[in-house]
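Take a look at the letters that make up each chain.
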Amino acid sequence: MNTFLAVVLVCANTVAQEACTDGTALEVRKVRVGNELGCTSGWQEIIARTDLRDAIGRTAYLKTACRRVKTAE
């Protein structure tokens, strides 16, 4: 059985999109979700509740990823 890891990277505007990784991000948020659709929803609300909300669009941007995680059956 597979689950997915939803990942949101908060990267500085000075970091190119292709260079925005877990290692270069200002902050990384991860959560397990049951399917790929779960990777795409809910992040705006989560980030809006943090102090990062003022930086998004001004000095930082979000990059999302969905990673497959194999689980034991």
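Look up a bit, the structure's there.
Presented here is a report on the structure given in the accompanying data block. On a predicted model such as this, the values are computed, not experimentally measured, just so you know. (Residues numbered from 1 in each chain as written. Predicted model: local features only at pLDDT ≥ 70, side-chain atom pairs only at ≥ 80, totals over all residues. Heavy atoms only, no water.)

1. Quick word on the overall build of the protein chain
What the protein chain contains, in helices and strands, is one helix and three strands. Reading the protein chain from its N terminus to its C terminus gives the helix and strand order β-β-α-β. C-alpha atoms of the protein chain, sized along the principal axes, occupy 45 × 25 × 15 Å. Within the protein chain, counting contacts between residues at least 6 apart in sequence, those at least 24 apart form 72% of the total. Of the roughly 4900 Å² of accessible surface on the protein chain, 52% is carried by carbon and sulfur atoms. (Helix = DSSP H or I, 4+ residues; strand = E, 2+ residues; numbered from the N terminus. Contact = heavy atoms within 4.5 Å. Areas by Shrake-Rupley, 256 points an atom, 1.4 Å probe, with all protein chains shown as cover.)

2. Some details on the pattern of salt bridges
Applying the stated criterion to the full structure yields three salt bridges. We note a salt bridge from Asp22 to Lys30, for which the minimum N-O separation is 3.1 Å. For Lys30, a relative accessible area of 45% puts it in the partly exposed group. Glu27 is the partner of Arg29 in a salt bridge, and the nearest nitrogen-oxygen pair spans 2.5 Å. Looking at Arg29, the relative accessible area reads 26%, which means it is partly exposed. The exposure class assigned to Glu27 is partly exposed, which follows from its relative accessible area of 25%. Shared partners join several salt bridges into a network, and the residues in it are Asp22, Lys30 and Arg67. (Salt bridge = Lys/Arg side-chain N within 4 Å of Asp/Glu carboxyl O. Buried < 20%, exposed > 50% of the residue type's maximum accessible area, 1.4 Å probe, protein only.)

3. Comments concerning the side chain of Thr3
In this structure, Thr3 sits in strand β1 (residues 2-12). Here Thr3 falls in the buried class, since its relative accessible area comes to 16%. At 3.1 Å, the side chain of Thr3 forms a polar contact with the side chain of Arg32. When residues no more than four places from it in sequence are discounted, the contact partners of Thr3 are Arg32, Val33, Arg67, Arg68, Val69 and Thr71. (Polar contact = N/O pair within 3.5 Å; in protein donor to acceptor, adjacent residues only side chain to side chain.)

4. So, the sheet that holds strand β3 (residues 60-70)
Spatially, β2-β1-β3 is the arrangement adopted by the three strands of the open sheet, whose pairing is antiparallel. Strands at the two margins of the open sheet, each flanked by one partner only, are β2 (27-33) and β3. Ignoring which end each strand starts from, the neighbouring axes of this sheet average 20 degrees apart. Bridge analysis of β1 against β2 gives seven bridges, and the strand direction is antiparallel. In the strand pairing of β2, Leu5 is matched with Arg32. (Pairing = 2+ DSSP bridges. Axes fitted to C-alpha atoms, helices over the stretch in contact; angles between N-to-C directions.)

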